[in-house]
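Structural characterization, general
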Amino acid sequence: MAATLTDVAKRAGVALSTASRAYSDPERVGAETLRKVLAVAQELGYQPPVARLVEPLAEDGATTIAVIVPDIANPVFAAFVKAAQGQGWYRRQTVVLADTDLNPEREREVITHLRERVDGMVVCSPRLDAEHILALCSRIPVVLVNREAIGTDCVVADAGDGLRQTIDYLAALGHRRIAYVQGSQLSWSNEHRVAVVRGLAAEAGLDLQVLGWQAETVAGGTAAAASVMATGASAVITHNDLMALGVVAGTRALGVRIPEDLSVVGIDDIPLAAITHPTLTTVAVPMARAGALSLELLERRLAGDRQTPRAVRLPTQLVVRGSTGPAAAQAVSTSRQPA
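As a starting point, this report considers the structure included with it. Being a predicted model, the structure only gives us computed values, none of them experimental. For every chain, the first residue of the written sequence is number 1, and numbering continues from 1 onward in sequence order. This being a predicted model, a pLDDT of at least 70 is required before a residue's local features are given, and a value of 80 or more before pairs of side-chain atoms are given or counted; all residues contribute to the totals for chains, interfaces and linings. The basis for every side-chain value is the complete set of non-hydrogen atoms in the structure, without hydrogens or water.

**Some thoughts on the overall build of the chain**
- Strands are runs of DSSP state E lasting at least 2 residues, helices are runs of H or I lasting at least 4, and numbering of each runs from the N terminus. Counting secondary structure elements, the chain contains twelve helices and twelve strands.
- Across its three principal axes, the chain shows a C-alpha extent of roughly 70 × 45 × 35 Å.
- Sorting the 339 residues of the chain into buried and exposed places 50% on the buried side.
- Long-range pairs, those at least 24 residues apart, make up 70% of the contacts in the chain with a sequence separation of at least 6.
- A 1.4 Å probe and the Shrake-Rupley method give the accessible areas. Residues count as covered only by the protein chains that appear here. Total accessible area computed for the chain in this model is approximately 15,700 Å², and 52% of it derives from carbon and sulfur atoms. Only protein chains enter the accessibility calculation, which uses a 1.4 Å probe; a residue is then buried when its area is under 20% of its type maximum, exposed when over 50%, and partly exposed in between. Contact between two residues is taken to exist if any of their heavy atoms lie within 4.5 Å; hydrogens are not considered.

Have a look at this one:
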């Protein structure tokens, strides 16, 4: 099997991004480190890829952009892609879409396959770490969405505002014990949201029960339903709306009434949230805006913008609907009993 840049980095004892810069931007690598990386590469027989081995996908010199998402079946990513494609059409760019099926290995393969064929790349809610992505795409500009990193432009839907509104709202309704259903272990957004909820719940004096990782789908939420009820929580927040809908379905099968016995809050505000029964209280995330903005940032880089990479944080907002209500009297009185 041919040696890879990862093999070179490990043998040389340097970061993958450093090994990548040894070929893409050697002036940014110290002389001794550069010699070490090149010597190891020669020893292992590593052959760096030649830029543009494949002709660009676009015709007549038009710019080609790859947009990579983890799950196009999730409506929140569909909204992101639609906005990105609209922005690309407006700017006469060709937008190539890739779906990684929430799989980090597939994400790596997709990026590796496309990096020589496109002029820039937008990676939305990646499952790989940022350093790995930037090393793979060392020759082209990259915008990361819902993943913060130094050295590239990032667009982040900041869950802080929306989750603060959520915790304040649930506390005002009398909820004292709240469950949180996590998404994927590989999701930066999941880690960020859990940290935010922990801090907010502690500030509000609420008992927060953080449950284990689940698939970010309706099935994942349904699987978590029994665990939610086992916590004794009177309200639950889920990583996304699909999982919230799964929790609603799963708890109903257990004889639980929504919202009389359990209040449910999702995150994303997908179109289904407004028409399901009961309608779903959720934190609206501006993913359409993120899709358009990521293309704008990428175009600036392609036009030669050398300003320091920016991290743009977009606000979120609680949308109150029918899946939340006052805590059941029994749950409230029980939570207030002395220990």
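**Some points on the pattern of salt bridges**
- Salt bridge criterion: a side-chain nitrogen from Lys or Arg within 4 Å of a carboxyl oxygen from Asp or Glu. Counting across every chain of the model gives 13 salt bridges.
- The salt bridge involving Glu105 is made with Arg108; its shortest N-O contact spans 2.5 Å. You can see Glu105 and its partner Arg108 sitting in helix H5 (residues 104-114), three residues apart, about one turn around the helix.
- Judged by its relative accessible area of 39%, Glu105 is partly exposed.

**Notes on helix H10 (residues 241-253)**
- With 13 residues, H10 extends 19 Å from end C-alpha to end C-alpha; this agrees with the ideal 18 Å at 1.5 Å per step.
- For H10, the tally of buried residues reaches ten of 13 residues, placing the bulk of the element in the interior.
- Along its buried surface, H10 packs onto helix H4 (75-90), strand S6 (177-182), helix H9 (218-230), strand S8 (235-238), strand S9 (263-268) and strand S10 (281-284).
- Where H10 begins, the side chain of Asn240 points an oxygen toward the backbone nitrogen of Leu242, at a separation of 3.2 Å.
- Residue Gly255 follows H10 closely and has a positive phi angle near 85°. One less than the number of residues in a helix, times 1.5 Å, gives the span that helix is expected to have. Polar contact is defined as a pair of N or O atoms within 3.5 Å, subject to the rule that within protein one atom must be able to donate a hydrogen and the other to accept it, and that residues adjacent in sequence are counted only when both atoms are side-chain atoms.

**Section: the nonpolar core**
- The set of buried Ala, Val, Leu, Ile, Met, Phe, Trp, Tyr and Cys residues whose side-chain atoms join them within 4.5 Å is what this entry labels a nonpolar core. If you look at the biggest cluster of nonpolar residues, it comprises 44 residues, and the most contacted ones within it are Val67, Phe80, Val122, Leu163, Ile237 and Met287.
- For this core, the two domains that each supply at least three residues are domain 2 (64-157 + 287-315) and domain 3 (159-284). Start and end points for every domain follow an automatic or database-based domain assignment.

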